[in-house]
Amino acid sequence: MKKIAVLTSGGDSPGMNAAIRAVVRTAIYNEIEVYGVYHGYQGLLDDDIHKLELGSVGDTIQRGGTFLYSARCLEFKKPEVRQIAINNLRKRDIEGLVVIGGDGSYRGAQLISQECKEIQTIGIPGTIDNDINGTDFTIGFDTALNTIIDLVDKIRDTASSHARTFIIEAMGRDCGDLALWAGLSVGAETIMVPEVKTDLKDVAEKIEQGIKRGKKHSIVLVAEGVMTAQECSNELAKFINIDTRVSVLGHIQRGGSPTGADRVLASRLGGYAVELLMNGETAKGVGIKNNKVIATPFDDIFDGNDHKFDLDLYELAKKLSI
Ligand code: ADP
């Protein structure tokens, strides 16, 4: 292995820069040339591929987003389009590609390795949603979690001052991890996630009982995949007459400087991805399980269900928020 490339793809997440840095520095440490592909798979098609040096990743570990930029490139689903990307890698004798992104990005990486045997591919899970098999945590999840905690703590101050119920919408289309972990951390009275059905009549009753017991405010944290905060507020209004406010946290959740946990995770996974390439491995995604770095074939990541929603944690959060 003499030359590798790295790209970031799909939704960005804090810690992607730390992962790129680890890939670049581990490669150079092992006397491998590294190329950065700008704008995800679109950059592979546009030949937007540039050599990176040790200094290219200086002063990046603490920055959110991705300095290689990310993009969605739907054209990449076409085999003839992927061939252009493969040719752009091959003309530079690049033999390894590290893709940092979600499982959509992994699919592109898998197809490249299937369609060109000379190119090995390894995926690194970069998404705030924590929704990828083959890892307990994705890069960016911890930062987004802490951002939500910070925001909800602030909202709680005003909720308490005005004795209001706040319905807060967090990211998470199919995966309720962010809402669950954040909800537990802020002591939300109700956590609504896509994995568990919530009856809004029960939610209304719980809020009512809380008010009777002298509670000054309530927080309902709803993952966007369940319904919008506004829809939730409208539905609750059918059962209970209370003063509610709605807050959609939005893209703030994707930004910011990565937490220590995300920087460490990104560094470990970035370093391991390069080691795998050097060992001739391909079509695998790296991850962390029980605090050990592991690699899982893309097929098992796509078809598996090892990243299960933590029902025990959900039940605990429920018990603690009575
Ligand atoms: P994520 O990686 O966060 O899941 P997307 O699903 O948007 O995000 O995928 C990111 C990019 O990966 C897409 O824009 C496309 O370029 C590529 N991609 C996704 N799915 C496929 C697929 N089935 N075949 C080839 N490329 C894909």
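Residues numbered from 1 in each chain as written. Predicted model: local features only at pLDDT ≥ 70, side-chain atom pairs only at ≥ 80, totals over all residues. Heavy atoms only, no water.

- Per an unreviewed UniProt entry, the protein chain goes by ATP-dependent 6-phosphofructokinase and derives from Staphylococcus simiae CCM 7213 = CCUG 51256.
- Reading the Cofactor (unreviewed entry) entry of the UniProt record for the protein chain gives the comment "Mg(2+)".
- Taken directly from UniProt, the Subunit (unreviewed entry) text for the protein chain runs: "Homotetramer." (UniProt positions renumbered as here; feature names shortened; annotations may be inferred.)

1. Observations concerning the site of the ligand
Move 1: Close to the ligand lie 15 residues; Arg 72, Cys 73, Gly 102, Gly 104 and Ser 105 are nearest.
Move 2: Gly 104 has a polar backbone atom sitting 3.0 Å from an oxygen atom of the ligand.
Move 3: One of the side-chain nitrogen or oxygen atoms of Ser 105 is found 2.5 Å away from an oxygen atom of the ligand.
Move 4: Applying the majority rule of atoms within 2 Å of the grid points places the ligand in the largest pocket. (Near = heavy atom within 4 Å. Polar contact = N/O pair within 3.5 Å; in protein donor to acceptor, adjacent residues only side chain to side chain. 1 Å grid on protein atoms, 1.4 Å probe; cavity = no way out; pocket = protein on both sides within 12 Å on 5 of 7 lines; lining within 4 Å. Sits in = over half its atoms within 2 Å of the grid points.)

2. Re the UniProt feature "binding site: Mg(2+)" (unreviewed entry) in the protein chain
Move 1: UniProt's entry tags Asp 103 with the feature "binding site: Mg(2+)" (unreviewed entry), counted in the numbering of this structure.
Move 2: One can find Asp 103 in helix H4 (residues 103-115).
Move 3: Apart from the residues within four sequence positions on either side, Asp 103 is in contact with Ile 132 and Phe 302. (Helix = DSSP H or I, 4+ residues; strand = E, 2+ residues; numbered from the N terminus. Contact = heavy atoms within 4.5 Å.)

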